[in-house]
Amino acid sequence: MKENNFKTLSEHEKTSILTKTGVINFKNRLTLLLEGLSGNAFAKKVGMSEAVIRDYLSGKTYPSLNRLAIIAQKCDVPIEWLATGKGECRLLSDSIAAESIRIPFHDLNKNVNPLSRIDSIPFEVNLIKNQGCKTEDLTAIWAKGDSMDPTISNHDILIINKAYCKPIDGYLYAVQYDDQICVKRIQNQGTNLALLCDNPKYPTLLIDKNSPQNFEIIGHVIYLLKDF
């Protein structure tokens, strides 16, 4: 597909292509390549600017083919694996590399965000191997709006562990509130549960613990995939 043609696609079509090919998780594979190096040290290793590497790591941009080839060569990894996650990589054991799953999107978002017509997203299990999660407890949601800026932006993808619904102060949770799904920090305030926004222009919502009408904690946010 020509670059100009890609630019004319809708956001839904772009995300669908990047998700199906595995490209959307490029930043996660790049993080593995750092192997403890700082962003600045890694940039010097591959002969690129720190700003460029920072944008790649945040998921803001993706490398051109020639830069992808340079990174793969400098880090001694297959270019196909770096671009799509397919194939073997020296950084991962065969068993871990094979542990790629598809995480379904939470169905309650279907009437809220048209992007959720994508049924599932491929995800590398090794990225959450220290979280103690069961794969069947995982679901994904699209972030909507800017109430959690700068932590979470519109159209970011969040991986949720539905097995952890007990509210712990300061942690991020996906919640269903008045038939809407949103992500908020939770704080226990006596008989109330406060839903906090990282964006200061939005007010705190208070939920009565004794009568939490139209409110449910879906699960704990364990991973954030930034939008391109």
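What you see is a predicted model, and the numbers here were worked out from it, not measured in a lab.

Rules of the game
Residues numbered from 1 in each chain as written. Predicted model: local features only at pLDDT ≥ 70, side-chain atom pairs only at ≥ 80, totals over all residues. Heavy atoms only, no water. pLDDT = per-residue confidence, 0-100. Helix = DSSP H or I, 4+ residues; strand = E, 2+ residues; numbered from the N terminus. Contact = heavy atoms within 4.5 Å. Pairing = 2+ DSSP bridges. Axes fitted to C-alpha atoms, helices over the stretch in contact; angles between N-to-C directions. Buried < 20%, exposed > 50% of the residue type's maximum accessible area, 1.4 Å probe, protein only. Parallel < 35°, antiparallel > 145°, perpendicular 65-115°, else oblique. Nonpolar A, V, L, I, M, F, W, Y, C, P; charged D, E, K, R; others polar. 1 Å grid on protein atoms, 1.4 Å probe; cavity = no way out; pocket = protein on both sides within 12 Å on 5 of 7 lines; lining within 4 Å. Points joined across faces, edges and corners; volume = space filled by probe spheres on them. Arc of directions from axis to C-beta.

J.: For this particular structure, what's the right way to read the confidence of the model for the protein?
T.: When pLDDT is low, close inspection of the predicted coordinates is not appropriate. On average, the protein scores 80 in pLDDT, and the residues at 70 or more come to 79%. Confidence scores differ between elements of the protein, with helix 8 (residues 94–98) showing the lowest mean pLDDT of 46 and strand 7 (residues 192–196) the highest of 92. The low-confidence segment residues 94–98 (pLDDT under 50) makes four contacts with residues lying over four places distant or belonging to another chain. Note on residues 108–117: pLDDT is under 50 here. Beyond four places in sequence and across chains, it has 19 contacts.

J.: How should I be thinking about the sheet that holds strand 8 (residues 205–208) in this particular structure?
T.: Within a sheet, each strand pairs with its neighbour through backbone hydrogen bonds, oriented either parallel or antiparallel. Strand order in this open sheet of seven strands is 3-4-9-5-6-7-8, and the pairing throughout is antiparallel. The strands lining the two open edges of the sheet, one partner per strand, are strand 3 (138–142) and strand 8. Strand-to-strand twist across the sheet, computed as the mean angle between neighbouring axes with direction ignored, equals 45°. Bridge count for strand 6 (residues 180–189) against strand 7 is five bridges, and the pairing is antiparallel. Bridge pairing in strand 7 links arginine 185 to leucine 196.

J.: What am I meant to see in the side chain of serine 147 here?
T.: Within the element layout of this structure, serine 147 appears in the loop between strand 3 and strand 4 (157–161). Residue serine 147 is classed as buried on the basis of its relative accessible area of 13%. If we skip the residues at most four places from it in the chain, serine 147 touches Lys184, Cys197, Asp198, Asn199 and Tyr202.

J.: Explanation requested: the packing of helix 4 (residues 39–46) against helix 6 (residues 65–75) in the structure shown.
T.: Two elements in contact, helix 4 and helix 6, have axes whose closest approach is 9 Å; the angle formed by their N-to-C orientations is 100°. Considering the angle they form, helix 4 stands roughly perpendicular to helix 6. For the pair helix 4 and helix 6, contact is made by Phe42, Lys45 and Val46 and by Ile70, Ile71, Lys74 and Cys75, respectively. Residue composition of the contact of helix 4 with helix 6, grouped by class: five nonpolar, no polar and two charged.

J.: When you look at unusual backbone geometry in this model, what are you seeing that I'm missing?
T.: Backbone geometry follows two general trends: most residues other than glycine have a negative phi, and most peptide bonds adopt the trans configuration. The omega torsion across aspartate 149 and proline 150 is 5°, close enough to zero to call that bond cis. At aspartate 76, a residue that is not glycine, the phi angle is positive and equals roughly 60°. Mapped onto the secondary structure, aspartate 76 falls in the loop between helix 6 and helix 7 (79–84).

J.: Honestly, the layout of surface pockets in this entry has me stumped. Any pointers?
T.: One simple way to see leftover space: roll a probe sized like a water molecule over the atoms. Roughly 340 Å³ of internal volume is contained in the second largest pocket. Residue lining of the second largest pocket: 18 residues in total, with Lys144, Ser147, Cys182, Val183 and Lys184 positioned closest to the centre. Among the elements of the structure, strand 3 and strand 6 are those that each provide at least two residues to the lining of the second largest pocket. Counting residues per element, the lining of the second largest pocket draws most heavily on strand 6, which supplies five residues. Class assignment of the residues belonging to the lining of the second largest pocket gives a composition of 13 nonpolar, three polar and two charged.

J.: Explain helix 6 here, please?
T.: Every buried residue belonging to helix 6 is among Leu68, Ile71, Ala72 and Cys75, and all of these are buried. Along the axis of helix 6, the buried residues cluster in a sector spanning 95°; they form a single face. Every exposed residue of helix 6 that faces more than 90 degrees away from the buried side is listed here: Asn66 and Gln73. Where helix 6 is buried, its residues contact helix 3 (26–34), helix 4, helix 5 (50–58) and helix 7. One or two positions beyond helix 6, positive phi appears at aspartate 76, with a value near 60°.

J.: In this structure, what is going on with the packing of helix 3 against helix 5? I would like to understand it.
T.: The relative placement of two packed helices is expressed as an angle between their axes plus a distance between the axes. Where helix 3 contacts helix 5, the axes come no closer than 7 Å and their chain directions differ by 125°. Of the possible angle classes, the one that applies to helix 3 and helix 5 is oblique. Facing helix 3, whose interface residues are Phe26, Lys27, Leu30, Thr31 and Leu34, helix 5 presents Ile53, Tyr56, Leu57 and Ser58. Across the contact of helix 3 with helix 5, the residue classes tally to six nonpolar, two polar and one charged.

J.: I'm lost on the pairing of strand 3 in this one. Help?
T.: Each regular strand shows side chains that alternate between the opposite faces of the sheet. When you tally the buried positions in strand 3, you get five out of five residues, the bulk of the element. Every second residue of strand 3 is oriented toward a common face, with Leu138, Ala140 and Trp142 on one face and Thr139 and Ile141 on the other, all of them buried. Bridge count between strand 3 and strand 4: five bridges; the pairing is antiparallel. Looking across to strand 4, one finds that leucine 138 is bridged to asparagine 161.

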